[in-house]
Amino acid sequence: MDFPLTVRPARAEDATRMARVHVRCWQETYRGLMPDAVLDDPGLPAARERFWTAVLTDERYRGNRTAVAQRGDRLIGIAMSVPPLDGAVQWVRQLSVLYVVAAAHGTGAGRALLRAVIEPAEPAALWVADPNPRAQRFYRKHGFVADGATQTEDGVREIRMVRAAGSRRR
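The present account deals with the structure reproduced in this document. The model shown is predicted, which means the values in this text are computed figures rather than measured ones.

**Quick look at the layout of surface pockets**
Any empty space left between atoms is shown by rolling a water-sized probe over those atoms. Here the largest pocket is characterised by a volume of approximately 1300 Å³. Considering the residues around the largest pocket, the lining is formed by 47 residues, among which Y30, V97, L98, Y99 and Y139 are closest to the centre. Per element, the largest residue contribution to the lining of the largest pocket is 7 residues, and it comes from strand β4 (residues 93-100).

Quick look at the structure:
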């Protein structure tokens, strides 16, 4: 039986499953871009679980928007946006996490998660691995364009993509 896609706000009791999805997606997405020692670190799931527990329970993160996608009781994706880290920017939200397990790519889960954490009319920004052509195509489809900024995070080169208010999105 194929269960319908459900996207909802994340809850504290989701932290363990969110951590599993986060680690799995890192392993599926960043193998070859990030050192295997990081991706296969036996402590990574526990570290991600601590991260998500804090995000979902600590008052410091109340400005975050966090969502999960599931089919039945199976979590297949996670997303989080945060207020901008720099007050001098032109966007009102920054996408910091959007992962969907590879088996669920192309099912609409990514689009639904993006809309759950960033309103369609909100100007926004994100950092995406480079190279990561699939993710970059996804974000372009949703109105984001590379603005020329780059950084290296966890040994992975990233480019910044931004979306102005009212940009064309599907």
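**Observations regarding the packing of aromatic side chains**
One pass over the structure, following the stated rule, counts 5 aromatic pairs. Ring geometry for Y30 versus Y99: centroids 6.3 Å apart, planes at 85°, classification edge-to-face. Pair noted here: Y30 is in helix α1 (residues 15-30) and Y99 is in strand β4, with a separation of 69 residues, a long-range link. Residue classification places Y30 among the buried residues on the basis of a relative accessible area of 10%. Y99 sits in the buried class, given a relative accessible area of 12%. Where F51 meets W52, the ring centres are 4.9 Å apart and the plane angle is 75°; that geometry is what we call edge-to-face. Assessed through its relative accessible area of 0%, W52 is described here as buried.

**Focus on the nonpolar core**
Judged by nonpolar contacts, the single largest core of 45 residues is most densely connected at W52, I78, L95 and Y139. Examining the composition of this core, we find that 8 residues originate from one element, α1, more than from any other. For L95, the residues in contact, after removing those within four places along its chain, are M80, S81, L114, V117, I118, A125, L126, W127 and Y139.

**Section: the pairing of β4**
When you tally the buried positions in β4, you get 7 out of 8 residues, the bulk of the element. When strand β3 (residues 74-82) meets β4, the two strands line up antiparallel, connected through 6 bridges. Within β4, the residue paired with M80 across the bridge is V97. With helix α4 (residues 109-117) bridging β4 and the parallel strand β5 (residues 124-129), this β-α-β connection has right-handed handedness.

**What to know about α4**
When we look at burial in α4, the residues that qualify are A109, G110, L113, L114 and V117. Down the axis of α4, the buried side of the element spans an arc of 130°, and every buried residue falls inside it. Contacts from the buried residues of α4 go to β1 (5-9), β2 (65-71), β3, β4 and α5 (133-141).

**Description of the sheet that holds β4**
Reading across from one edge, β1-β2-β3-β4-β5-β7-β6 is the order of the 7 strands in this open sheet, with mixed pairing throughout. For this open sheet the edge positions go to β1 and β6 (145-153), each flanked by a neighbour on one side alone. Pairwise comparison of adjacent strand axes, ignoring direction, gives a mean angle of 25° for this sheet. Bridge count between β4 and β5: 3 bridges; the pairing is parallel. What sits directly across from Q94, in β5, is A125.

**What about the packing of α1 against helix α3 (residues 44-57)?**
Between α1 and α3, whose axes approach to 8 Å, the crossing angle comes to 130°. If you check the angle between α1 and α3, you find them oblique. The two elements α1 and α3 cross, and the hand of that crossing is right-handed. On α3, the residues that touch A15, T16, M18, A19, H22, V23 and W26 of α1 are L44, P45, R48, E49, W52, T53 and L56. Broken down by class, the residue content of the contact of α1 with α3 amounts to 9 nonpolar, 3 polar and 2 charged.

Rules used in this analysis
- Counting of residues starts from 1 at the beginning of each chain's written sequence and follows it residue by residue.
- Reporting in this predicted model follows two pLDDT cut-offs: at least 70 for local features of residues, and 80 or more for side-chain atom pairs to be given and counted; totals over whole chains, interfaces and linings ignore these cut-offs and use all residues.
- Water and hydrogen atoms play no part in the side-chain values, which are based on all heavy atoms of the structure.
- In this analysis a 1.4 Å probe is tested at points of a 1 Å grid over the protein atoms alone, and where it fits but cannot get out there is a cavity; an open set with protein on both sides within 12 Å along at least five of seven lines is a pocket; lining residues have an atom within 4 Å of a point.
- Grid points are joined across faces, edges and corners, and a volume is the space filled by probe spheres set on the points.
- Secondary structure follows DSSP: runs of H or I at least 4 residues long count as helices, runs of E at least 2 residues long count as strands, and numbering of each begins at the N terminus.
- When two rings of Phe, Tyr or Trp (its six-membered ring) have centres within 6.5 Å they constitute a pair, described as stacked for plane angles under 30 degrees, edge-to-face for angles over 60, and tilted for the intermediate range.
- Here the term buried applies to any residue with accessible area under 20% of the maximum for its type, exposed to any over 50%, and partly exposed to those in between, with areas from a 1.4 Å probe on protein chains only.
- Buried Ala, Val, Leu, Ile, Met, Phe, Trp, Tyr and Cys residues form a nonpolar core when they are joined through side-chain atoms within 4.5 Å.
- The contact rule is simple, with two residues in contact once any of their heavy atoms fall within 4.5 Å.
- At least two bridges found by DSSP between two strands are what make those strands a pair.
- Crossover handedness is defined here as right-handed if the route from the first strand over the helix to the second strand goes clockwise, with the strands pointing away from the viewer.
- Note that the arc is computed from the directions linking the helix axis to the C-beta atoms.
- Interaxial angles span 0 to 180 degrees and are taken between N-to-C directions of axes, which are lines fitted to C-alpha atoms, for helices over the stretch in contact.
- Throughout this description, any angle smaller than 35 degrees is read as roughly parallel, any larger than 145 degrees as roughly antiparallel, any in the 65 to 115 degree range as roughly perpendicular, and the remainder as oblique.
- Left-handed describes a crossing in which the near helix is turned anticlockwise from the far one by less than a right angle; the clockwise case is right-handed.
- Note that Gly is not counted as nonpolar here; it falls among the polar residues with everything else outside the nonpolar set of Ala, Val, Leu, Ile, Met, Phe, Trp, Tyr, Cys and Pro and the charged set of Asp, Glu, Lys and Arg.

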